[in-house]
Amino acid sequence: MTIPITSLQLEHIPRPHTVYITLFKDVKNATFLRDQLLAGNSEFEYAFIDANTIISKVHALAAAHQAIHNLLVAGKLRTRNVHSETVFCLSPNNNITDAFKRFGILPTTTSLLCIKFSTLSAPVTLESIKSHLERSVEGTAVEFTDENLLQETVVDWAKVAKNYKIKSDNLNTQSLLNEKAIGGGLKSLEVEVLGKLVVRTTG
Amino acid sequence: MTAPPPDPSDATPKTLISQGAEALVYRTTFLVPTLPALLKHRPRKTYRHPTLDARLTKHRVLSEARLLVRARGLGIPVPAVYFVDEANGSIFMEWIDGSSVRQVLDAILASPGGEGKVDAMMVRVGEAVGRLHKADIVHGDLTTSNLMVRKVGGVEEQEGGAGEVVLIDFGLGQVSTQEEDKAVDLYVLERAFSSTHPKAEKLFEDVLSAYGRSWKGGKTVLRRLQDVRMRGRKRSMLG
Ligand SMILES: Nc1ncnc2c1ncn2[C@@H]1O[C@H](COP(=O)(O)O)[C@@H](O)[C@H]1O
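Residues numbered from 1 in each chain as written. Chains lettered and ligands numbered in written order. Predicted model: local features only at pLDDT ≥ 70, side-chain atom pairs only at ≥ 80, totals over all residues. Heavy atoms only, no water.

Trainee: Just to check I follow, could you spell out the overall build of chain A for this structure?
Mentor: Along chain A, the regular secondary structure elements total nine helices and five strands. The N-to-C order of helical and strand elements in chain A reads β-β-α-β-α-α-α-β-α-β-α-α-α-α. Here the C-alpha coordinates of chain A stretch approximately 40 × 40 × 30 Å along the principal axes. Taken over 203 residues, chain A has a buried fraction of 55%. With an accessible surface of roughly 8700 Å², chain A has 52% of that area assigned to carbon and sulfur atoms. Within chain A, the 20 negative side-chain charges are centred at a point lying 6 Å from the centre of the 21 positive side-chain charges. (Helix = DSSP H or I, 4+ residues; strand = E, 2+ residues; numbered from the N terminus. Buried < 20%, exposed > 50% of the residue type's maximum accessible area, 1.4 Å probe, protein only. Areas by Shrake-Rupley, 256 points an atom, 1.4 Å probe, with all protein chains shown as cover. Lys, Arg positive; Asp, Glu negative; His and termini not counted. Charge placed at Lys NZ, Arg CZ, Asp CG, Glu CD.)

Trainee: Mind showing me how you'd approach helix H7 (residues 157–164) of chain A here?
Mentor: Every α-helix carries 3.6 residues per turn, so stepping three or four residues along brings you back to the same face. All names here are of chain A. Along H7, the residues that are buried comprise Trp-157, Val-160, Ala-161, Asn-163 and Tyr-164. The buried residues of H7 occupy one face: seen down the axis, they fall within an arc of 165°. Facing away from the buried side of H7 by more than 90 degrees, the exposed set consists of Ala-158 and Lys-162. Immediately downstream of H7, the backbone of Lys-165 shows phi near 50°, a positive value. (Arc of directions from axis to C-beta.)

Trainee: What's the story with the nonpolar core in this structure? I'm lost.
Mentor: As a rule of thumb, soluble globular proteins bury nonpolar side chains together. The biggest cluster of nonpolar side chains holds 59 residues, and the ones touching the most others in it are Leu-113 and Trp-157 of chain A together with Tyr-82 of chain B. Residue contributions to this core peak at eight residues, all from helix H2 (residues 57–72) of chain A. (Core = buried A, V, L, I, M, F, W, Y, C linked by side-chain atoms within 4.5 Å.)

Trainee: Please clarify how the state of the cysteines should be interpreted in this entry.
Mentor: Linking two cysteines covalently through their sulfur atoms gives a disulfide. Applying the stated criterion to the full structure yields zero disulfides over all chains. Summary of cysteine pairing: Cys-89 of chain A is not part of a disulfide, and the nearest cysteine sulfur, belonging to Cys-114 of chain A, is at 18 Å. (Disulfide = S-S within 2.5 Å.)

Trainee: Help me out: how do you make sense of the sheet that holds strand E2 (residues 24–30) of chain B in this one?
Mentor: Working definition: the strands of a sheet are paired by backbone hydrogen bonds and lie parallel or antiparallel to each other. Across the sheet, which stays open at both edges, the five strands sit in the order E1-E2-E3-E5-E4 (chain B) with antiparallel pairing between neighbours. Looking at which strands have only one partner, the edges of the open sheet turn out to be strand E1 (15–19) and strand E4 (81–85) of chain B. Strand-to-strand twist across the sheet, computed as the mean angle between neighbouring axes with direction ignored, equals 25°. Looking at chain direction, E4 of chain B and strand E5 (residues 90–94) of chain B are connected through four bridges and run antiparallel. The partner of Asp-85 of chain B across the bridge, within E5 of chain B, is Ser-90 of chain B. Sheet strands touched by H2 of chain A: E2, strand E3 (32–41) and E4 of chain B. Its angle to E4 of chain B, the strand with the most contacts, is close to 5°. (Pairing = 2+ DSSP bridges. Axes fitted to C-alpha atoms, helices over the stretch in contact; angles between N-to-C directions. Contact = heavy atoms within 4.5 Å.)

Trainee: Just checking my understanding: could you explain the packing of aromatic side chains for this structure?
Mentor: Centre-to-centre distance and the angle between the planes together describe a pair of aromatic rings. Counted under the stated rule, the structure contains nine aromatic pairs over all chains. With centroids separated by 5.1 Å and ring planes inclined at 15°, the aromatic side chains of Tyr-46 of chain A and Phe-48 of chain A adopt a geometry described as stacked. Residue Tyr-46 of chain A is classed as buried on the basis of its relative accessible area of 5%. Overall, Phe-48 of chain A belongs to the buried group, its relative accessible area being 3%. Pairing Phe-30 of chain B with Phe-92 of chain B gives two aromatic rings, centres 5.7 Å apart and planes at 35°, and the pair type is tilted. (Phe/Tyr/Trp six-rings, centres within 6.5 Å; stacked < 30°, edge-to-face > 60°.)

Trainee: Explain the domain arrangement of chain B here, please?
Mentor: For an interface, size is often stated in terms of accessible area lost upon the parts coming together. Residue and element names in this part refer to chain B. Here chain B is partitioned into domain 1 (15–94) and domain 2 (98–237). Here domain 1 and domain 2 have C-alpha centroids that lie 23 Å from each other. With 16 residues of domain 1 in contact, the opposing surface of domain 2 contributes 17 residues. Carbon and sulfur atoms supply 63% of the area buried between domain 1 and domain 2, which totals about 1200 Å² over both sides. Counting the surface domain 1 buries against domain 2, the share from its top three residues, Leu-67, Ile-76 and Pro-77, is 45%. (Domains from an automatic or database assignment. Buried area = accessible area lost by both parts, 1.4 Å probe.)

Trainee: It is not clear to me how the side chain of Asn-70 of chain A should be interpreted in this structure. Could you clarify?
Mentor: Its place among the elements puts Asn-70 of chain A in helix H2. Sequence-distant contacts of Asn-70 of chain A, that is, excluding residues within four places in its chain, are made with Lys-76, Leu-77, Glu-85 and Cys-89 of chain A.

Trainee: Is there a simple way to think about the pattern of salt bridges in this case?
Mentor: Opposite charge on two side chains permits pairing when their charged atoms draw close. All names here are of chain B. In total, this model carries 21 salt bridges over all chains according to the counting rule given. Across the pair Asp-136 and Lys-182 runs a salt bridge, and its minimum N-O distance is 2.7 Å. One end of the pair, Asp-136, is in the loop between helix H3 (119–134) and strand E7 (137–138); the other, Lys-182, is in helix H4 (residues 179–196), and 46 residues separate them in sequence. A relative accessible area of 23% places Asp-136 in the partly exposed class. Residue Lys-182 is classed as buried on the basis of its relative accessible area, which comes to 3%. Here the salt bridges do not stand alone but share partners, grouping Glu-22, Lys-40, Arg-42, Lys-45, Arg-60, Glu-64 and Asp-169 into one network. (Salt bridge = Lys/Arg side-chain N within 4 Å of Asp/Glu carboxyl O.)

If you want it as structure tokens, here you go:
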């Protein structure tokens, strides 16, 4: 089995930094993966995110971008490393424990978004991540795309509404799929979510 | 703590589109190359004490971002904020694809009978400012350049009809419940209209009546505008 990994260099982040992303559905060993995180097993230094809470690529990438920014600005990192920081940066508030509970992997997680950074001080290769994830995650890897986030790993809209205090009226897969991008910009739901993340940083 | 210099290893292309006294404005992208964005950067002012400068920059950037987020959250048409780097003096925000009301007016009013085509746009300007003021946000520099008209389906505004009017540049904005501040916003816009185009002055009446209809306090602010005009005239007579 070989799994698809998205490799990205985020805009405005210095080039050597690369982010690797893999999306899994039908994950069967969430408890094991979470235990490795809790035990501080350095081989499992990933942002393990419950993909049900993620509405789009941009949503996840905005958190990854804020996390790497926090890593690069002295004294800005609020959590242990850039990976835990990514989970924290998905939160609309400054409560770290709460962020892990809301967005992080749980024993019940079946859809999993794995994010791994290659940084200056800790460079990693795509090959090493690939083989490690292939060995470690019991699940089906799908490409990291908006369509797969909406239709394969399935968004929990009630959770999204609760996490970001968004009125749940127009909140569903169909409306996000139907809505045409405005002038190449973001869809209104993404804008609303990004707004909540910005408020955490600006107060 | 001083703001770090622009990162030389930032390889993302950006095009300078405007250079004001306070800020450099670039067209660029955010997160991925397919997402257009506007970067507003307040460079360091070397003549100021570094600590003071860093503090002022941070304050202004956060204030502008907060106003934008607050307005957008209330459904007021302003660019969405994508990311704030207050230490570096940068705000990344939504790229509004379109042209300024100033450009639209110049283009349309140049043609005979053009005034009739911009009525709908005037109404949307009045309503947008009305919604802003209803939320107790004053813009501080309302000019026809700081009002954008979104392209609709990739088409530039020509008939003054369909495009959403978006308020931009909240660098001088603030939260205020004062009628006086709101009236001054309108006065500044009125002056901008009359200096944009001779025909535009009459059009401003449409802006004001739409404004007056658009929210409960609108009429009171319009009355206050009379006082502001009087004072403005006296001041200009004194030279
Ligand atoms: N969000 C935006 N999208 C597109 N163009 C913009 C935006 N904000 C500002 N501009 C353009 O950049 C110029 C300077 O921006 P500002 O300093 O914010 O007034 C404006 O006059 C506009 O032409």
